[in-house]
Amino acid sequence: MADNILKIRRLNKTYFGKVDTPVLFDIDLQIVRGSFTALIGPSGSGKSTLLHCLGLLDPQTSGEIDFDGTMITSQNVNALADFRNANIGFIFQFHYLLPEYTAHENILLPCWIRGGKPSPETEKEALRIMERIGIENLKNKYISELSGGQQQRVSIARALINKPKLIFADEPTGNLDRESGHAVLDLMAEINHESNISLVMVTHDREVALRADYIYELVDGRICKFLDVAKIGKTESAKAMAERTCAIEPPL
């Protein structure tokens, strides 16, 4: 049986207001430790909402989230924030870096949030990560002085600084040109394989999805398809993604 870092059971999400809007319906899925999992689907299918629920940014309406043995349903807001900061990294299409801080300072922000002034060892770790991903020369640059690809690399370093167990990425290359986007994807794949950090990525690009070990496809808020790319191969996975039929049978 696979070693799952994240197990979701019958997750539902509804936004309540003058008109209640159900978005996710009875989602069952598992994220294998150390794997790269892609979430695909048409616009409005619920991909980003699901990512936000899995990443503990947005509470589910019902259902269970088991994060490496911790049942998230029992956490209060403050405990949830601490848990998220200690265990999860985020990379978004828009980097959400703070322009008044340098690249190095932006990378250290999760450490400030977690425990106050970073230790000298943590500052050295930030510099090691920057060197690893090729931005050590940008340490004292402000965000406005960086290209889009450089900014996204800073956001990757920020996601790594607290040594998370799992990184969630929401269209991380959607705001980049093709060359920069491929460079960022190559970097994320390398980090995933080298560090055993699990990676879950929302993408509309099926070419990007085929880089993953596993693919979940969402349609109208439900899991429509599950593909084990490593098992069936990229060619068969591409054919399966092209088919319009659904097979709502997530793995056990």
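Owing to the predicted nature of the structure, the values given are computational and were not obtained by experimental measurement.

A. Broad picture of the overall build of the protein chain. Of the regular secondary structure elements, the protein chain holds eight helices and ten strands. A compact globule built from 252 residues would reach a C-alpha radius of gyration of about 18 Å, and the protein chain, at 18 Å, matches this within 12%. For the protein chain, the spread of C-alpha atoms along the three principal axes comes to 50 × 45 × 40 Å. Looking at the protein chain residue by residue over its 252 residues, the buried ones come to 49%. Restricting the contact set of the protein chain to residue pairs at least 6 apart, pairs at least 24 apart contribute 69%. Counting only carbon and sulfur atoms, one obtains 50% of the accessible surface of the protein chain, whose full area is about 12,800 Å². Distance between charge centres in the protein chain, computed from 28 positive and 33 negative side chains, equals 1 Å.

B. View of the sheet that holds strand β4 (residues 62-67). Pairing is antiparallel in the open sheet, where four strands are placed in the order β2-β1-β4-β5. Of all strands in the sheet, those with a lone pairing partner are β2 (21-32) and β5 (70-71), marking the two edges. Pairing analysis gives eight bridges linking strand β1 (residues 4-15) to β2, with the strands arranged antiparallel. The residue bridging Thr-14 from the neighbouring strand is Pro-22, located in β2.

C. Inspection of the nonpolar core at higher detail. Ile-156, Met-188, Met-201 and Ile-215 are the most contacted members of the largest nonpolar core, which has 43 residues in total. Leaving out residues up to four positions away in the same chain, Ile-156 has contacts with Ile-91, Val-184, Leu-187, Met-188 and Ile-191. Leu-51, Phe-90, Phe-92 and Tyr-216 belong to the second largest nonpolar core, which has 30 residues in total.

D. Layout of the sheet that holds strand β3 (residues 36-40). Read from one edge to the other, the open sheet built from six strands follows the order β6-β7-β8-β3-β9-β10, with strand pairing classed as mixed. With one partner strand each, in any of the chains shown, β6 (88-92) and β10 (222-228) form the two edges of the open sheet. Each strand axis lies, on average, 15 degrees off the axis of its neighbour in the sheet, ignoring direction. In terms of strand pairing, β6 meets strand β7 (residues 166-170) through five bridges, oriented parallel. By the bridge assignment, Ile-88 is partnered in β7 with Leu-166.

E. Focus on the packing of aromatic side chains. As enumerated under the stated definition, the model contains six aromatic pairs in all. Judged by centre distance (5.3 Å) and plane angle (90 degrees), the rings of Phe-67 and Phe-83 are edge-to-face. Of this pair, Phe-67 sits in strand β4 while Phe-83 sits in helix α2 (residues 77-87); the two residues are 16 residues apart in sequence, bridging distant segments of the chain. Ring centres of Tyr-214 and Phe-226 lie 6.0 Å apart, and the angle between their planes is 20 degrees; on these two criteria the pair is classed as stacked. Residue Tyr-214 is located in strand β9 (residues 214-219), and its partner Phe-226 is located in strand β10; the two are separated by twelve residues in the primary sequence. For Tyr-214, a relative accessible area of 19% corresponds to the buried category.

How each quantity is defined
Residues numbered from 1 in each chain as written. Predicted model: local features only at pLDDT ≥ 70, side-chain atom pairs only at ≥ 80, totals over all residues. Heavy atoms only, no water. Helix = DSSP H or I, 4+ residues; strand = E, 2+ residues; numbered from the N terminus. Rg over C-alpha atoms; globule rule 2.2 N^0.38 Å. Buried < 20%, exposed > 50% of the residue type's maximum accessible area, 1.4 Å probe, protein only. Contact = heavy atoms within 4.5 Å. Areas by Shrake-Rupley, 256 points an atom, 1.4 Å probe, with all protein chains shown as cover. Lys, Arg positive; Asp, Glu negative; His and termini not counted. Charge placed at Lys NZ, Arg CZ, Asp CG, Glu CD. Pairing = 2+ DSSP bridges. Core = buried A, V, L, I, M, F, W, Y, C linked by side-chain atoms within 4.5 Å. Axes fitted to C-alpha atoms, helices over the stretch in contact; angles between N-to-C directions. Phe/Tyr/Trp six-rings, centres within 6.5 Å; stacked < 30°, edge-to-face > 60°.

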